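Breakdown of the fold
Next come the chains, spelled out residue by residue.
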Amino acid sequence: MIYNLNGILTYVDPAFVVVECGGIGFKCFASTNTITSMAPVGTKVNLFTYLSVREDAMDLFGFAGQDELDAFKLLISVSGIGPKAAMSILSVLPPDRLSVAVSSGDVKAITAAQGVGKKTAERVVLELKDKMVGIGSASVASVVEGIRSVAESDNAQEAVEVLVSLGFNQSDAASVVGAMDKSLSVDDMIRLGLKQLSSQI
């Protein structure tokens, strides 16, 4: 298994990059987020990698950080999600945002990925809800814990539903409400949620 590549970036494509190590150019499929974070062609880069071996192909996937590699491995463990679909999801949702989307059950955010339908996105949420906790920064972990606490409060759940019906996405609504005092009334949660979410636009 190739754990990482440390070499010179020689080519960048919308779907992959080429990293030259010891005179050999390795083609790595990568997410949009990894590709846009890369240094200019001709500079030294380091990519974490995953080698996918099938009967008809051997594909190398590259990641800018360990979190993205970990998220990729979790995604391909979901029934019906292959490496290309996982990469498509990570192109629209970096690990931090994916963790929040899964924890809040935000199926719509996941279906924004090309080739990922509602049923597949629902499977991602169902199968990874308890596994995404360690993915992302400490601040994301606290947001995820807040989102989980929403499920334990009827007022919080109702406030999130109202905010979503007003056009805010579920991840953002659950993140904001999850950080609130659960003893607040539904009306207070909605009012504070509207104020915070509107200021983010």
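How each quantity is defined
- Each residue is numbered by its place in its chain's sequence as written, counting from 1.
- Totals for whole chains, interfaces and linings use all residues, but because this is a predicted model, local features are given only for residues with pLDDT of at least 70 and pairs of side-chain atoms are given and counted only at 80 or more.
- Side-chain descriptors were evaluated using all non-hydrogen atoms of the structure, hydrogens and water having been removed beforehand.
- Comment: elements are numbered from the N terminus, with helices defined as DSSP H or I runs of at least four residues and strands as E runs of at least two.
- Working rule for helices: expected span equals 1.5 Å times residues minus one.
- Each residue is placed in one exposure class: buried if its accessible area under a 1.4 Å probe, protein chains only, is under 20% of its type's maximum, exposed if it is over 50%, and partly exposed if it falls in between.
- Along the arc lie the directions from the helix axis toward the C-beta atoms.
- Residues belong to a common nonpolar core when they are buried Ala, Val, Leu, Ile, Met, Phe, Trp, Tyr or Cys residues joined through side-chain atoms within 4.5 Å.
- Working rule for contacts: check all heavy atoms of both residues, and any pair within 4.5 Å makes them a contact.
- Where helices are involved, their axes are fitted lines through C-alpha atoms of the stretch in contact, as for all axes, and angles between N-to-C directions lie from 0 to 180°.
- Angles are sorted into four bins: roughly parallel if under 35 degrees, roughly antiparallel if over 145, roughly perpendicular if 65 to 115, and oblique for all others.
- Handedness of a crossing is defined here by the sense of rotation of the near helix relative to the far one, left-handed for an anticlockwise turn of less than a right angle and right-handed for a clockwise turn.
- As a working rule, the residues Ala, Val, Leu, Ile, Met, Phe, Trp, Tyr, Cys and Pro are called nonpolar, Asp, Glu, Lys and Arg charged, and the rest polar, with Gly in that last group.
- In this analysis, strands are considered paired if DSSP registers two or more bridges between them.

1. Section: helix 8 (residues 154-165)
Along its 12 residues, helix 8 runs 17 Å from first to last C-alpha, staying within 8% of the 16 Å computed at 1.5 Å per residue. Taken together, the buried positions of helix 8 are occupied by Ala156, Ala159, Val160 and Leu163. All buried residues of helix 8 lie within an arc of 100° about the axis, which places them on one face of the element. Seen from the buried face of helix 8, the exposed residues on the opposite side, beyond 90 degrees, are Asp154, Glu161 and Ser165. Of the residues flanking the end of helix 8, it is Gly167, one or two places downstream, whose phi is positive at about 110°.

2. Comments concerning the nonpolar core
Counting 31 residues, the largest nonpolar core has Phe63, Leu75, Ile89, Leu98, Ile110, Val124 and Leu128 as its most contacted members. Among the elements of the structure, strand 2 (16-21), strand 5 (58-63), helix 2 (66-76), helix 3 (83-92), helix 4 (95-104), helix 5 (107-111) and helix 6 (118-128) are those that each provide at least two residues to this core. Looking at this core element by element, the count peaks at five residues for helix 2. Excluding anything up to four places from it in sequence, Ile89 contacts Leu75, Ile81, Leu98, Ile110, Ala113, Val116 and Val124.

3. Quick word on the packing of helix 2 against helix 3
At a minimum axis distance of 9 Å, the contact between helix 2 and helix 3 shows a crossing angle of 130°. In terms of axis orientation, helix 2 runs oblique to helix 3. For the element pair helix 2 and helix 3, the recorded crossing hand is right-handed. Only Pro83, Ala86, Met87, Ile89 and Leu90 of helix 3 make contact with helix 2, whose side of the interface consists of Glu68, Ala71, Phe72, Leu75 and Ile76. Taken together, the residues that form the contact of helix 2 with helix 3 break down as nine nonpolar, no polar and one charged.

4. Notes on the sheet that holds strand 4 (residues 44-53)
Taken together, the five strands give a closed barrel; going around it, the order is 1-2-3-5-4, and neighbouring strands pair in mixed fashion. Sheet twist, expressed as the mean angle between neighbouring strand axes with direction ignored, is 55°. Looking at chain direction, strand 1 (residues 4-12) and strand 2 are connected through four bridges and run antiparallel. Looking at the pairing, Leu9 lines up with Val19 of strand 2. Along the sheet, helix 2 makes contact with strand 4 and strand 5, crossing strand 4 at roughly 10°. Packed onto the sheet, helix 3 meets strand 3 (24-30), strand 4 and strand 5 and runs at close to 20° relative to strand 5.

5. Here we look at the pairing of strand 4
Where strand 1 lies against strand 4, five bridges are found, and the strand directions are antiparallel. Counted as the bridge partner of Leu5 is Leu47 from strand 4. Note that strand 4 and strand 5 share six bridges and pair antiparallel. Its bridge partner lying in strand 5, Tyr50 is registered against Phe61.

6. Looking at the environment of Ile190
The residue Ile190 is located in helix 10 (residues 186-200) in this model. For Ile190, a relative accessible area of 13% corresponds to the buried category. A C-alpha to C-alpha distance of 6.8 Å links Ile190 and Leu163, two positions 27 residues apart in sequence. Contact partners of Ile190, with chain neighbours within four places excluded, come to Ala159, Val162 and Leu163.

By themselves, these figures tell us nothing about what the structure is for.
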